[in-house]
Amino acid sequence: MGGFYMKMSNVKTSTVSKSAYNSRTKEYDETQGRTFNYSAHEDHVYHNVTLPEGCPEEWKQAEKLWNANEKFETEQNTTRHGKQFIIAIPQELTQEQTEKAINEFQEYFAKMGYASQADQHEPESRRSADEVEKNRHVHVLTTARKITNGEFEQFKEKKVYANDVDQNGKPVYNPEAPDGQKVPKYDPEKLNQWEQEHGRKFDFKTDKEEIDKVQKIGARNRREWERVRVADNPLDRRETVEAARAEWARICNSYLAEDQKIDHRSYERQGSDKVAQVHEGVGSHKEQDDRKEYNEKVKQLNKELDRAKQEAEERIKEKGEQSHDHRQGETISGDHSRSDGVGGRT
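Residues numbered from 1 in each chain as written. Predicted model: local features only at pLDDT ≥ 70, side-chain atom pairs only at ≥ 80, totals over all residues. Heavy atoms only, no water.

Some remarks on the confidence of the model for the protein
Part 1: Looking at the protein as a whole, its pLDDT mean stands at 83, while 75% of the residues score no less than 70.
Part 2: Here residues 332–346 scores under 50 on pLDDT; set against residues more than four positions off or in separate chains, the count is zero contacts. (pLDDT = per-residue confidence, 0-100. Contact = heavy atoms within 4.5 Å.)

See the structure below:
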C-alpha cells in the first residue's frame, strides 16, 4: 500500500497570486493593481483549468478566472477567496495516468459547481533517483464558492457557536480554532467579581477551568454559549473534505495495482497498528534529511511489525494444525479400539 497525503487550506490572499505561484507564471491582479511573477521556478510539470457548466470560455485562462474571482470576493469583503489542496502523487503512476487522475479530481469539483486550477510540481532532488525523493505533488486551487451559469453564488447563512473573539473582544467563528472551543455568555456580575478578584481580564481560552464562575446560566440551569451567524460554505464542512480525500484515493486506485493502492484513512481508522510517516515536502536539506531519517525509522518499525504479525499468524496456524492432527489421532485411535472390540466379539 502506498502513502497518502492531502492538505487543505484557505487562501486568504490574492488567488491571482496563488495561481501565478502554482503555475510558475506571471499574472496581473486587477483588483490590487499588482503583477506576480514566479516564472523563474523550473519544477512545473502540468497545468489545467476546469470549469463548471455555463462559465465564460475565457475563464479557461487562469488569469481571467482568478481576476473574476478576486473582483467578486473583494466586493463581498470576504477574508477567504479560495481553497487549496496540496496532494502527494503516488510514485507508481505514470505521467499520463497522473494527468488523467488530476483531471478526474477536478471534474469532481466541477460537478459540485466549483472552478479549479491544477498544477503538478516535481521538484528536483539532490538525492539519487532510486531513492524516489522527487516529492511529486499537485496543487489544486478552487474557488471558495460555487458558480452557476457564470455567476458566483451568495453563501447562505447559519447560526453556529462562536469559538473565538476578534481584536475588540467580539465573539466570532474561526474555522482554524481548536475543536470544541466555545465562547461562553458571561454573567456581568460574576464576570466583574472574578476580574476584580484576579486583577485582570477573563480569558476563556486560558481560564477554561474557571468558566463556570463567570458563565451565564439560563433556563433549566443550562450554561449559555455565544452563537454567531456565518456563511454556510460547503467546502468548510469536514464531510466535504473527507469525501474529497476518499475521491482522490478512489481515482488513484483505479490506476494502481492491488499492492500499490492508497487509503485516505489514517492507520488508526484502518484498525492498523502501523506508525504513520511524515510528509517530507519541501524545505532546507537539513529539514528534509531529518524527515527522511524519521521516515526510514518508521519504515523499519512497520516492517518489523509486519514480520512479527506474520510470525504470530504462522504460529497460530501451526498450533491449529497440530491441534487438528491431535484430535484426528484420538478419533482414529478410538475407531481402532471399537473395531478391535467388534472383531473380538465376532
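Let's talk about helix α3 (residues 95–112)
Part 1: With 18 residues, α3 extends 26 Å between its outermost C-alpha atoms, agreeing within 8% with the 26 Å of an ideal straight helix rising 1.5 Å per residue.
Part 2: Looking only at α3, the buried set comprises Thr98, Ala101, Ile102, Phe105, Gln106, Tyr108, Phe109 and Ala110.
Part 3: In this structure, the buried residues of α3 make contact with β1 (6–11), β4 (44–50), β5 (82–88), β6 (116–121), β7 (137–143) and α6 (238–253).
Part 4: Directly beyond the C-terminal end of α3, a positive phi value near 110 degrees is found at Gly113. (Helix = DSSP H or I, 4+ residues; strand = E, 2+ residues; numbered from the N terminus. Expected span 1.5 Å × (residues − 1). Buried < 20%, exposed > 50% of the residue type's maximum accessible area, 1.4 Å probe, protein only.)

Looking at the packing of aromatic side chains
Part 1: If you walk through the whole model with that rule in mind, you get eleven aromatic pairs.
Part 2: Judged by centre distance (5.2 Å) and plane angle (85 degrees), the rings of Tyr21 and Tyr38 are edge-to-face. In this pair, Tyr21 sits in helix α1 (residues 15–23) while Tyr38 sits in the loop between β3 (34–37) and β4, placing the two residues 17 residues apart along the sequence.
Part 3: Here the aromatic residues Phe85, Phe105, Tyr108, Phe109 and Trp248 are joined through ring pairs into a cluster of three or more.
Part 4: Across the ring face of Tyr21, the terminal group of Arg24 is positioned such that the distance to the ring centre comes to 4.5 Å.
Part 5: Taking the ring centre of Tyr161 as reference, the NZ or CZ of Arg227 above it sits at 4.8 Å. (Phe/Tyr/Trp six-rings, centres within 6.5 Å; stacked < 30°, edge-to-face > 60°. Lys NZ or Arg CZ within 6 Å of the ring centre and 35° of its normal.)

Things to note about α6
Part 1: The end-to-end C-alpha separation of α6 is 23 Å, in line with the 22 Å expected for 16 residues at 1.5 Å each.
Part 2: Of the positions making up α6, those classed as buried are Thr240, Ala244, Arg245, Glu247, Trp248, Ala249, Ile251, Cys252 and Asn253.
Part 3: On its buried face, α6 is in contact with β1, β5 and α3.

Some points on the sheet that holds β5
Strand pairing in a sheet relies on backbone hydrogen bonds, with the paired strands running either antiparallel or parallel.
Part 1: Taken in spatial order, the five strands line up as β1-β5-β7-β6-β4 in an open sheet, and their pairing is antiparallel. A single partner strand is all that each edge strand has here, and the edge strands are β1 and β4. Geometrically, the sheet is characterised by an average inter-axis angle of 15 degrees between neighbouring strands, direction not taken into account.
Part 2: Examined bridge by bridge, β6 and β7 share six bridges and lie antiparallel to one another. Along β7, the bridge assignment pairs His121 with His137.
Part 3: Its contacts with the sheet put α1 on β1, β4, β5, β6 and β7, and the angle it makes with β6 is roughly 30 degrees.
Part 4: Helix α2 (residues 62–75) contacts β4, β6 and β7 of the sheet and is inclined by roughly 45 degrees relative to β7. (Pairing = 2+ DSSP bridges. Axes fitted to C-alpha atoms, helices over the stretch in contact; angles between N-to-C directions.)

Let's talk about the nonpolar core
Part 1: If you look at the biggest cluster of nonpolar residues, it comprises 23 residues, and the most contacted ones within it are Phe85, Ile87, Phe105, Phe109, Val138, Val140 and Trp248.
Part 2: The contact partners of Ile87, leaving out residues within four places of it in the chain, are Tyr5, Met6, Phe105, Arg136, His137, Val138, Val140 and Trp248.
Part 3: Within the second largest apolar cluster, 14 residues are counted, among which are Val49, Trp59, Phe72 and Leu141. (Core = buried A, V, L, I, M, F, W, Y, C linked by side-chain atoms within 4.5 Å.)

Let's talk about the environment of Gln91
Part 1: With respect to the helices and strands, the residue Gln91 is situated in the loop between β5 and α3.
Part 2: For the pair Gln91 and Asn135, spaced 44 residues apart in sequence, the C-alpha separation works out to 8.7 Å.

A word on the pairing of β3
Part 1: Where strand β2 (residues 26–29) and β3 come together, four bridges link them in antiparallel fashion. Following the sheet pairing, Asp29 is matched in β3 by Arg34.
Part 2: Following β2, the chain reverses through four residues before pairing antiparallel with β3; Gly33 in that reversal takes a positive phi of roughly 65 degrees.

What about the pairing of β5?
Along any regular strand the residues' side chains alternate between the sheet's two faces.
Part 1: Buried residues dominate β5, accounting for five of its seven residues.
Part 2: Two elements, β1 and β5, share six bridges in a ladder whose sense is antiparallel. Bridge pairing in β5 links Met6 to Ile87.
Part 3: Two elements, β5 and β7, share seven bridges in a ladder whose sense is antiparallel. Among the inter-strand pairings, Lys83 is bridged to a residue of β7, identified as Thr142.

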